[in-house]
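# Examination of the molecular architecture
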Amino acid sequence: MSTEARAPYERLGSALRDAPPPAFERLAPQQLAVLADALERQRESRAAGLNEAAEEALKLVPALARGPVRRILFR
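In this text, all values refer to a predicted model and were calculated from it rather than measured experimentally.

### Some remarks on the overall build of the protein chain
Assigned secondary structure in the protein chain consists of three helices and zero strands. When the elements of the protein chain are put in sequence order from the N terminus, they spell out α-α-α. Referenced to the eigenvectors of the C-alpha coordinate spread, the extents of the protein chain come out at roughly 60 × 15 × 15 Å. Burial status across the protein chain gives 17% buried among its 75 residues. Within the protein chain, residue pairs in contact and separated by at least 24 positions form 36% of the contacts whose partners lie at least 6 positions apart. Summed over all atoms, the accessible surface of the protein chain reaches about 5900 Å², with 58% contributed by carbon and sulfur. A gap of 8 Å separates the mean positions of the 12 positive and 10 negative side-chain charges of the protein chain.

So, in structure tokens, the structure goes:
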């Protein structure tokens, strides 16, 4: 693999949080970048959704306890 393709391949590995399958080495650097971008956007979207759901769930906790519960859950 050329050094030009190594950076997008490593970026994809970082987005996957594991080494990409060996077959991915045959992809063009642009394709690797597209995959890495899609994974990063999906992960950000999922994290935002989880944060939103957690905030909604906190509305079920009595108002006086929300602060301590938030600190315990989201340290």
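Moving on from the model shown.
### Describing the confidence of the model for the protein chain
Interpretation of the predicted coordinates at a detailed level should be avoided for regions scoring low in pLDDT. Averaged over every residue, the pLDDT of the protein chain is 89; the share at 70 or more is 93%. Per-element confidence in the protein chain is highest for helix α2 (residues 29-58), whose mean pLDDT is 92, and lowest for helix α1 (residues 3-16), whose mean pLDDT is 82.

### Describing unusual backbone geometry
Notably, R17 is not glycine yet its phi reads approximately 60°, a positive angle. For R17, the position within the fold is in the loop between α1 and α2. Overall, the relative accessible area of 65% leaves R17 in the exposed class.

### Observations concerning a nonpolar patch on the surface
On the surface, a nonpolar cluster with roughly 330 Å² of combined accessible area is contributed by I72, L73 and F74. Within the secondary structure, F74 sits in the segment after α3 (63-73).

### Here we look at the pattern of salt bridges
Under the criterion given, the structure shown has four salt bridges. The shortest N-O distance in the salt bridge between D37 and R11 comes to 2.2 Å. Of this pair, D37 sits in helix α2 while R11 sits in helix α1, and the two are 26 residues apart along the sequence. Given a relative accessible area of 31%, R11 falls into the partly exposed group.

Conventions we followed
- Residues numbered from 1 in each chain as written.
- Predicted model: local features only at pLDDT ≥ 70, side-chain atom pairs only at ≥ 80, totals over all residues.
- Heavy atoms only, no water.
- Helix = DSSP H or I, 4+ residues; strand = E, 2+ residues; numbered from the N terminus.
- Buried < 20%, exposed > 50% of the residue type's maximum accessible area, 1.4 Å probe, protein only.
- Contact = heavy atoms within 4.5 Å.
- Areas by Shrake-Rupley, 256 points an atom, 1.4 Å probe, with all protein chains shown as cover.
- Lys, Arg positive; Asp, Glu negative; His and termini not counted.
- Charge placed at Lys NZ, Arg CZ, Asp CG, Glu CD.
- pLDDT = per-residue confidence, 0-100.
- Patch = residues over 30% accessible without salt bridge, like charges linked within 9 Å, V, L, I, M, F, W, Y side chains within 5 Å.
- Salt bridge = Lys/Arg side-chain N within 4 Å of Asp/Glu carboxyl O.

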